[in-house]
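Chain by chain, the residues run as shown.
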Amino acid sequence: MTAPRRPVFLALTLALAALACAYSDVPIATPGSQQLATPVPVVLSATGPAPTLEPTSTDTPVPTDTPLPPTEVPPTEVPPTAGPPTPTSTRVVAIATVEPSATPEGGSEAATETPTAEGPTAEPSATLDPSIPTPTLAAIPLEATFTRVFTTTADGDFPYGLIRALNDAQVSTWASLRNGRGVWQFELPGTPVVSGVRLYAHRDRDADTTLLGIDLSLDGQSWIVVYKPLTTCGATPACAVIAQEADFDIPFGPLPARFIRLRSGPSALALAEVQFALMP
C-alpha cells in the first residue's frame with residue numbers, strides 16, 4: 001500500500017471501530033481523549049438554560065411535623081349585669097299648713113310650706129242654696145290647710161302687673177285691679193270644702209286695698225254671697241279695708257266650691273298673695 005492511501009485507510013478503520021463501539025456500548029478511548037465516567041442524567045430547568053443535577057441520595061427522608069388542628073375552646077357565657085332599678089317619681093304638691101301656736105297681740109299666725117302628696121279631693125259636705133243661711137266662722141279652723149293651687153282670671157278691670165304673682169309664694173310681687181269695681185276670680189281643682197281665704201294686700205298708688213264681698217259657686221254661673229262687710233270705706237257702705245303688707249284672714253263657710261271671686265271696692269284691689277283654707 002502506498003503512503004498516500006494510509007491516512008485514508010486509518011481514518012476508515014477508526015470510523016468503523018467507533019461505529020462498532022456505539023452499537024456494543026463499549027467506550028472506546030481514542031488517542032488524546034479523556035475517558036468519561038458513568039453518565040449522569042441531566043435535567044434542564046424550565047426557567048433558564050443552566051442545568052441542575054437531580055439528587056440521587058438514597059437516604060431516608062426525615063419526616064416532617066404534621067400540624068395539629070386547633071382545639072376549639074367553647075365560649076364562656078357571661079351573665080348580663082343587672083342594672084339599677086328605674087326610679088319612680090311621685091308628684092308632690094306644696095301647700096301651706098297652719099302651725100297651732102300662740103299668736104302675739106296684734107300679729108297673725110305664721111304659715112309654713114309643707115310638701116303633701118296629692119290625694120283625692122274632699123267630698124262636698126253641703127250644697128250652695130241661696131235660701132239656706134250661710135254658715136259663719138269666728139276664725140279659720142286650725143285643721144284647715146292653705147293652698148295656692150288655682151287659676152286666676154280678672155273681670156271688669158284690666159289687671160296691672162302679672163296675674164301669676166297672686167300665687168307665686170312671693171310677697172314682693174303683686175297684681176292690682178286699680179280702677180275699682182273689678183273682680184278677681186279663682187278656680188280650684190275639684191270641689192273642695194273651703195273655710196276661708198288669707199290675703200296679703202299691697203298698696204297701689206298709695207291707696208288702701210278695699211273689698212266689697214266674696215262669692216262662691218259650683219259651676220261659675222250661680223253664685224252665693226259668703227262674706228259681706230259690715231264696715232264702710234269712706235262713703236261706700238258694706239266695704240272692708242284690707243290690712244296692707246300682712247296676712248289678713250277672712251273666714252266663711254265651710255262650704256263646697258270650685259269657683260271663688262273677690263269683688264273690689266272703690267279703690268284698688270291689689271294683692272301679693274292669695275291662699276284658700278281647705279277642710280280635710
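In this convention, every chain numbers its residues from 1, walking through the sequence in written order. Local features in this predicted model are restricted to residues whose pLDDT is 70 or higher, and side-chain atom pairs enter the listing and the counts only when it is 80 or higher, whereas totals over whole chains, interfaces and linings include all residues. As a rule here, side-chain values come from all non-hydrogen atoms in the structure, and water together with hydrogens is ignored.

Visitor: What is the right way to read the overall build of the protein chain from this model?
Guide: In DSSP terms, a helix is any run of H or I states spanning at least four residues, a strand is any run of E spanning at least two, and both are numbered starting from the N terminus. Each helix and strand counted, the protein chain has one helix and 16 strands in total. Only protein chains enter the accessibility calculation, which uses a 1.4 Å probe. A residue is then buried if its area is under 20% of the maximum for its type, exposed if over 50%, and partly exposed in between. Across the 280 residues that make up the protein chain, the buried fraction comes to 30%. In the protein chain, the share of contacts with a sequence separation of at least 24, taken over all contacts with a separation of at least 6, comes to 76%. The Shrake-Rupley method, run with a 1.4 Å probe, gives the accessible areas here. Residue values count only the displayed protein chains as cover. Total accessible area on the protein chain stands at roughly 19,000 Å², and carbon and sulfur atoms take up 60% of it. Whether two residues are in contact is decided by their heavy atoms, any of which lying within 4.5 Å being enough.

Visitor: Sorry, what's going on with the nonpolar core here?
Guide: General note: in soluble globular proteins, nonpolar side chains tend to be found buried as a group. Nonpolar core, defined: a set of buried Ala, Val, Leu, Ile, Met, Phe, Trp, Tyr and Cys residues in which side-chain atoms within 4.5 Å join the residues together. Counting 30 residues, the largest nonpolar core has Ile214, Leu271, Val274 and Phe276 as the members making the most contacts within it. When residues no more than four places from it in sequence are discounted, the contact partners of Leu271 are Leu166, Trp174, Ala175, Trp184, Leu199, Tyr200, Ala201, His202, Thr209 and Leu262. Core analysis: the next-biggest nonpolar cluster, separate from the first, contains six residues, Ala144, Phe146, Val193 and Met279 among them.

Visitor: In this structure, what is going on with the packing of aromatic side chains? I would like to understand it.
Guide: Each pair of aromatic rings is reported with the distance of its centres and the angle of its planes. Any two rings among Phe, Tyr and Trp, with Trp reduced to its six-membered ring, count as a pair given centres within 6.5 Å; such a pair is stacked if its planes are under 30 degrees apart, edge-to-face if over 60, and tilted if neither. Taken as a whole, this structure holds four aromatic pairs when the rule is applied. Seen in terms of ring centroids, Phe150 and Phe276 are 5.5 Å apart; in terms of plane orientation they differ by 75°. Their pairing is edge-to-face. Placement of the pair is Phe150 in the loop between β5 (145–147) and β6 (151–155) and Phe276 in strand β16 (residues 269–278), with a sequence separation of 126 residues. For Phe150, a relative accessible area of 9% puts it in the buried group.

Visitor: Looking at this structure, how should I read the state of the cysteines?
Guide: A covalent bond between the sulfur atoms of two cysteines is referred to as a disulfide. Two cysteine sulfurs form a disulfide in these notes if their separation is within 2.5 Å. Within the structure shown, the criterion is met by one disulfide. Here Cys233 engages in a disulfide with Cys239; their sulfurs sit 2.0 Å apart. What sets the handedness of the Cys233 and Cys239 disulfide is the S-S torsion sign, and at about -90° it is left-handed. You'll find Cys233 and Cys239 in the same group, each marked buried.

Visitor: Mind showing me how you'd approach the side chain of Thr236 here?
Guide: Inspection of the secondary structure puts Thr236 in the loop between β12 (224–227) and β13 (240–242). Owing to a relative accessible area of 15%, Thr236 belongs among the buried residues under this scheme. Here Thr236 is in contact with Leu212 and Pro266, once residues within four sequence places are set aside.

Visitor: I tried to follow the confidence of the model for the protein chain on my own but got confused; where do I start?
Guide: The predicted coordinates of low-pLDDT regions are not to be read in fine detail. The predicted model of the protein chain has a mean per-residue pLDDT of 72, with 54% of residues at 70 or higher. Residue-level confidence of the predictor is what pLDDT reports, using numbers from 0 through 100. For the protein chain, strand β3 (residues 92–98) is the element with the lowest average pLDDT, namely 31, and β5 is the one with the highest, namely 98. Counting interchain partners and residues more than four positions distant, the pLDDT-below-50 stretch residues 42–48 has six contacts. The model gives residues 76–127 a pLDDT under 50, and that stretch makes 59 contacts with residues more than four places away or in other chains.

Visitor: So what exactly am I meant to see when it comes to the pairing of strand β10 (residues 193–201) here?
Guide: Within a regular strand, the side chains alternate between the two sheet faces. Taking burial as the measure, the nine residues of β10 include nine buried ones, the bulk of the element. Sheet analysis places β10 next to strand β14 (residues 247–256), joined by seven bridges and oriented antiparallel. If you follow Tyr200 over to β14, its bridge partner there is Asp247. A pair of strands counts as paired when DSSP detects no fewer than two bridges linking them. When β10 meets β16, the two strands line up antiparallel, connected through seven bridges. Bridged to Arg198 within β16 is Gln275.

Visitor: I'm lost on the pairing of strand β11 (residues 209–217) in this one. Help?
Guide: Burial analysis of β11 places nine of its nine residues in the buried class, which makes it a mostly covered element. Direction of pairing for β11 relative to β13: antiparallel, over a ladder of three bridges. Paired with Thr210 across the two strands is Val241, which belongs to β13. Taken together, the six bridges between β11 and strand β15 (residues 259–264) define a ladder with antiparallel strand orientation. If you follow Asp215 over to β15, its bridge partner there is Arg261. The pairing of β11 with β12 spans three bridges and is antiparallel. Paired with Ile214 across the strands is Tyr227, a residue of β12. Hairpin connection of β11 to β12: six residues between the antiparallel strands, including Gly220 at a positive phi of 80°.

Visitor: Is there a simple way to explain the pattern of salt bridges in this structure?
Guide: One side chain can pair with another of opposite charge once the charged atoms of both are near each other. Salt bridge, as applied in this entry: a Lys or Arg side-chain nitrogen positioned within 4 Å of an Asp or Glu carboxyl oxygen. Across all of its chains, the model carries seven salt bridges by this definition. In this structure, the salt-bridge partner of Arg263 is Asp215, at a minimum N-O distance of 2.9 Å. One end of the pair, Arg263, is in strand β15; the other, Asp215, is in strand β11, with 48 residues separating them in the sequence. Judged by relative accessible area, which is 2%, Asp215 ranks as buried. Residues joined by salt bridges that share partners form a network here, namely Asp215, Arg261 and Arg263.

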